[in-house]
Amino acid sequence: MPQHHRTRDLRWALALLTIGAGHAAMAQTDDGLTLTAAYTMQRDDNLFRLPDGVDPQAALGRPSAAETVAIGSLGARYAKSYSLQRIELDLSVVDYRYRTYSRLDLLATNYDLAWHWSFTPRLRGTLRAERDESVNTFDDASVLTRGNQRVRRYEGFDALYEIDGVWRLVGGVQSTRNQNEQPLVGEDSYTSRSADLGLRHDARSGSSVTLRLRRGSGNTINDAAPPAPLRDADFDQDEQVLDARWLLSAKTTAELNLTRFQRNHDRVAARDYSGTNTALGLRWAATAKTLWSLRWSSDLSSYQTTNASYARTERLSASHVWQIAARTSLQTSLSESRRRYLGAPPGQVPDPQRDATRDASIGLRWMADRHLRLDASLRHTQRSGNRPGLAFSSTQAVVGVTLLAAP
């Protein structure tokens, strides 16, 4: 291993020991200050998602497509209630270091800052700012010689007023920016600003239903944009949103989200599209130690190319958590997503591409004590498609340790 990687790994080990030492009697708490340190090793046998049958030596100049990534993180969380007000601050730095492809190294900074305000017990809400920086997978990346950073920023203000015991008036304003370093298939980078107003009903059983009207505007950012006559980055969007949550029994909860929307573009009407995004979820706590989850979703998202304006993605996933013992849990999950590309501009040939991706994972977590957590997981991803170069498979193995301390 290169000297600079050995030095960096040693620094992370010292950080873990420093935070962990002297805190054997302390645990993570809801209020006050909590410090965290984590170190993870991830082995991926096909980092760049090379298509089946491609020779790594020819594509990458190396005999193997495998890579090991060391991920270290340091974080601090502070939470405190002051009368009716509550402050929550979460800060972290995450250091991604690649053993072979050091050009992909990334030092990410993240934060989640929230003020849960309350003028009176009946009028309350949240002011929030978030920054989430991470490394994308190369599943849909187009350039292997560039980094693959993703940065998501969010600022929002929401309010709730209790009209009576069951009815609430809700509203808010939001600003979001999602920036990918590389153009990704089926996902444009974008900025958006929106405001919403709605009504919520909270049943005494614990079920709830919310109806919102939302209006927003924004623009897409696509480095691989189509020619100027077919390009229109600016848009307005109107939405009608229904969120429902049912307590079917003491152990079973169902959730539904329906979003009917219309997106209009300023210059090129051929890029306009509308539809319904749907998500259904079911959670079943079969026993005190097992939890099953099932989720299905169907989403339309902007994707402007010469032959398409948007993409439809359908996804089905199932997961299971089993608390094997007081300190040990096992997590498993299966998912499949199918994607197609729609809305070809006039005079252009529709994009015939179809692809399907299947994921399977299993993970084990052991809480050695209240301050030390060990994790190990294995994940396999396989994609198929109707075009050459779409199919690939990848297996990832991950082991990690996390320390928690409350000074």
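No experiment lies behind these values; they were computed from the predicted model shown.

Asker: Tell me about the environment of Asn277, and name the residues and values.
Answerer: One can find Asn277 in strand S12 (residues 273-287). For the pair Asn277 and Ser301, spaced 24 residues apart in the sequence, the C-alpha separation amounts to 9.3 Å. At 2.8 Å, the side chain of Asn277 forms a polar contact with the backbone nitrogen of Leu300.

Asker: Pulling in residues and values, what's your account of the nonpolar core?
Answerer: Judged by nonpolar contacts, the single largest core of 15 residues is most densely connected at Leu47, Phe48, Leu60, Tyr96, Tyr98, Tyr101 and Leu104. Secondary structure elements with two or more residues in this core: strand S2 (67-82), strand S3 (85-98) and strand S4 (106-120). Examining the composition of this core, we find that three residues originate from one element, S3, more than from any other.

Asker: So what about a nonpolar patch on the surface? Which residues, and what values?
Answerer: Taken together, Trp246, Leu248, Leu280, Leu282, Leu294, Trp296 and Leu316 make up a surface patch of nonpolar side chains, about 650 Å² in accessible area. When contributions to the nonpolar patch are tallied by element, the ones reaching two or more residues are S12 and strand S13 (290-302). Position of Trp246 relative to the elements: it lies in strand S10 (residues 234-247).

Asker: Tell me what's going on with the pattern of salt bridges, and back it up with residues and numbers.
Answerer: Here the structure, examined in full by the defined rule, presents 25 salt bridges. Where Arg358 meets Glu336, a salt bridge forms, and the shortest distance between an N and an O atom there is 2.9 Å. Note that Arg358 is positioned in strand S16 (residues 354-367) and Glu336 in strand S15 (residues 328-342), a separation of 22 residues in sequence. Take Arg358: its relative accessible area is 38%, and that puts it in the partly exposed class. Overall, the relative accessible area of 25% leaves Glu336 in the partly exposed class. Each of Arg124, Glu162, Arg168, Arg200 and Asp202 takes part in a single network of salt bridges with overlapping partners.

Quick notes on the rules
Residues numbered from 1 in each chain as written. Predicted model: local features only at pLDDT ≥ 70, side-chain atom pairs only at ≥ 80, totals over all residues. Heavy atoms only, no water. Helix = DSSP H or I, 4+ residues; strand = E, 2+ residues; numbered from the N terminus. Polar contact = N/O pair within 3.5 Å; in protein donor to acceptor, adjacent residues only side chain to side chain. Core = buried A, V, L, I, M, F, W, Y, C linked by side-chain atoms within 4.5 Å. Buried < 20%, exposed > 50% of the residue type's maximum accessible area, 1.4 Å probe, protein only. Patch = residues over 30% accessible without salt bridge, like charges linked within 9 Å, V, L, I, M, F, W, Y side chains within 5 Å. Areas by Shrake-Rupley, 256 points an atom, 1.4 Å probe, with all protein chains shown as cover. Salt bridge = Lys/Arg side-chain N within 4 Å of Asp/Glu carboxyl O.

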